[in-house]
Amino acid sequence: MATDQFVIDGICHPYNFSRENLNGRFGQIFNDVLYAFHPLNNPPETALSKEEWEHDWQNDEFLETMFLESDTDLACVHSTPIFDAYLDGLISVEKGADLKRRYPDRTIWYATADILQGEQALQSLEHQVTELGADGIKLYPAQYYRGRTRFWTMDDYTIAFPVFELAMELGVKNIAIHKALPLGPVATEALRVDDVGMAAEAFPEINFQIVHAGFMFLDEAKFLLLNHANVYATLEATFLYCQFDPELFTRVMREFLLYGGPDKLIYSSTATVIHPHYLLEAFKNFEMPEDFPIQLTDEVRQKILAGNFARLHGIDIEERKRKIEDDEFAQQRNGNGLREPWSTLRGQEVTT
Amino acid sequence: MSVPNGSPNGALTAEAVYEALDMVKDPCMTAGGHDLSILDLGLVYGVEVQDGRVRIDITLTEVGCIFTHRIIGAVYDAIEALPEAKEVEVIPRWAPAWTPERLNEKARHALEGSRVAMFHTIKRRGLDVHAKIGRRPEDLAAGRPETAYGTSGR
């Protein structure tokens, strides 16, 4: 794989994993389960202890980790409304808005709201887009609430469609929907992907990204990619299999490449649950079986790593390269190697 | 649910914790008509009990299991129901990977046939992957070998 690939991380986050942010037992289990993934990605020499990992990531250290410790060039951050587990929702709107305001050429930001709140949620989304500069919208279909699941589906005329109509009105072309990966003991009905088809048909001007596509409901997702020009697979969490279960990753990529094609897949690291450097290195070394008709050529890899996402947001990669070639991150990178993974978090900015 | 007893002097014992863990069922097994606990499946890597504080290391048969939260929550509920339990910590671990060798005789007998193929698939993937993963940072720092922690399970 060429070493000069441009990389846009389709979803990465300055999470607030601090213990003070946990909402009871549910939040604690959330943290414990997410941290359990960490050693699968990270060699023990640099792995974070649980105490280090349970951190309220600040935007500047998050960006330095992404851009100075890995070959990531742009970061797309989703704010999240996971209030059932984290008091601030896990990635606050304030963090997203701050990133977008201070680093518009380096970040893409998706607004969020609990759309079960109806008009209040619509007003919040409108504010985040028009006043705070959000580029897209991220939605969660299920919540764990006092032992019960509250959920909605993408084909719901009264809950979901008003959000899509608002997006159209505001000129928002990208909506990402969390699917295929249960967040706690929630009902799985809302995590199926079939309902995305109805939304995609009704709103052909909007691109719908199925976040965590392939983690579950692989067969259903691959047909959506095939059937709908405006449905994409954003491989957050699923991409981790590239590193810790290449055989399963091969199976997912085989289906998605055959049915959706290379133009429908979006790389995501899931950082900072894990470190993006190790995942990108794993993908560099990952190949599809020799007899598979769609090989991971440099061209195909570039589409997955940046091209597809850039196209959805109207980003001209060559123009963007010129914009950031001398910014503060580029200046720190020039002439220096990558910093050691997690050295920014540890306050030990060592280059490798 | 009945509550297992601690030792006669009121101190919580590992045996009482194991007895409670044996009441936590795996939802997939229940759905398949099998009365198998997380102990039967070998999902408990280790139990430490000291002065009423309990630490349990557990795994699941596959990374990303959709019942992760449900099972871990059930473990907390089971142990916190013990009157002598003062503090409970449940640590999910993906390394070392679960393999079918961890099934006890009861589970092996119950699962003979229909699920054997699935378990062998998991075994094939898991062994290869987790051989590369290495040790946890805290184990490394403490100089503990991979198998030193979590093998105290029965």
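Please read these numbers as outputs of a predicted model, since none were measured by experiment. (Residues numbered from 1 in each chain as written. Chains lettered and ligands numbered in written order. Predicted model: local features only at pLDDT ≥ 70, side-chain atom pairs only at ≥ 80, totals over all residues. Heavy atoms only, no water.)

With that out of the way, let us pick up the confidence of the model for chain B. All names here are of chain B. Summing up the model confidence of chain B, the mean pLDDT is 75 and the portion of residues at 70 or higher is 67%. In the model, residues 123–141 has pLDDT below 50 throughout and makes 40 contacts with residues more than four positions away in sequence or in other chains. Across residues 143–154, where pLDDT falls below 50, the model places 29 contacts with residues more than four positions away in sequence or in other chains. Across the whole predicted complex the pTM is 0.86, and at the interface the ipTM reaches 0.74. (pLDDT = per-residue confidence, 0-100. Contact = heavy atoms within 4.5 Å.)

Residue and element names in this part refer to chain B. Structurally, the position occupied by Asp-40 is in the loop between helix H2 (27–31) and strand S1 (44–50). Residue classification places Asp-40 among the buried positions, given a relative accessible area of 7%. Here the side chain of Asp-40 touches Lys-106 through a polar contact of 3.4 Å, side chain to side chain. If near-sequence neighbours (up to four positions away) are discounted, Asp-40 is found in contact with Asp-22, Asp-35, Arg-102, Leu-103, Asn-104, Lys-106 and Ala-107. (Helix = DSSP H or I, 4+ residues; strand = E, 2+ residues; numbered from the N terminus. Buried < 20%, exposed > 50% of the residue type's maximum accessible area, 1.4 Å probe, protein only. Polar contact = N/O pair within 3.5 Å; in protein donor to acceptor, adjacent residues only side chain to side chain.)

Once that is clear, we can look at unusual backbone geometry. Following Ala-271 of chain A, the chain continues into Thr-272 of chain A via a peptide bond in cis, with omega recorded as 10°. Cis geometry marks the peptide bond from Ala-95 of chain B to Pro-96 of chain B; its omega dihedral reads -5°. Tracing the backbone shows Pro-96 of chain B in the loop between strand S3 (87–92) and helix H4 (105–111). The backbone of Leu-90 of chain A shows a phi angle near 95°, a positive value even though the residue is not glycine.

Attention now moves to the interface of chain B and chain A. Taken residue by residue, the interface counts 23 residues in chain B and 28 residues in chain A. In this assembly, chain B packs against chain A so that about 2,300 Å² is buried in total across both faces, 65% of it on carbon and sulfur atoms. Our count for the contact surface shared by chain B and chain A stands at two salt bridges. Two residues, Asp-77 of chain B and Arg-25 of chain A, come together in a salt bridge whose shortest N-O distance is 3.2 Å. Joining chain B to chain A, the criterion identifies three residue pairs in polar contact (both at pLDDT 80 or more). When contributions to the side of chain B that touches chain A are tallied by element, the ones reaching two or more residues are helix H3 (68–80), S3, helix H5 (116–130) and helix H6 (137–142) of chain B. Considering each element in turn, the side of chain B that touches chain A owes the most residues, eight residues, to H3 of chain B. (Buried area = accessible area lost by both parts, 1.4 Å probe. Salt bridge = Lys/Arg side-chain N within 4 Å of Asp/Glu carboxyl O.)

Turning next to the sheet that holds strand S9 (residues 231–234) of chain A. Residue and element names in this part refer to chain A. Spatial ordering of the open sheet is given by S1-S2-S3-S4-S7-S8-S9-S10, a layout of eight strands whose pairing is parallel. With partners counted over all chains shown, the strands left at the sheet margins are strand S1 (8–9) and strand S10 (265–266), one partner each. Summarising the sheet, strand S2 (residues 74–78) and strand S3 (residues 107–112) pair through four bridges and their orientation is parallel. Across the sheet, the residue bridging to Cys-76 is Ile-108, located in S3. (Pairing = 2+ DSSP bridges.)

It is worth spelling out helix H12 (residues 298–312) of chain A at this point. All names here are of chain A. Between its terminal C-alpha atoms H12 stretches 20 Å, which fits the 21 Å expected from 15 residues at 1.5 Å a residue. Ile-304 marks where H12 bends most, by close to 55°. Listed in full, the buried residues belonging to H12 are Val-300, Arg-301, Ile-304, Leu-305, Ala-306, Gly-307, Asn-308, Phe-309, Ala-310 and Leu-312. Directly after H12, the chain includes Gly-314, whose backbone phi takes a positive value near 65°. (Expected span 1.5 Å × (residues − 1). Bend = angle between axes of the 7 residues up to and from the residue.)

Turning our eyes to something else, we now look at the pattern of salt bridges. Side-chain pairing between opposite charges can occur once the charged atoms of the two side chains come close. Residues and elements named next belong to chain A. On inspection of all chains with the given rule, the structure shows 30 salt bridges over all chains. Close ionic contact of Asp-135 with Lys-100 constitutes a salt bridge, the shortest N to O distance being 3.0 Å. A residue pair is termed long-range when its members are at least 10 positions apart, and Asp-135 in the loop between helix H5 (119–130) and strand S4 (136–139) and Lys-100 in helix H4 (residues 93–102) qualify at 35 residues. Owing to a relative accessible area of 15%, Lys-100 belongs among the buried residues under this scheme. Residues joined in a network through salt bridges with shared partners are Arg-19, Asp-32, Lys-50 and Glu-54.

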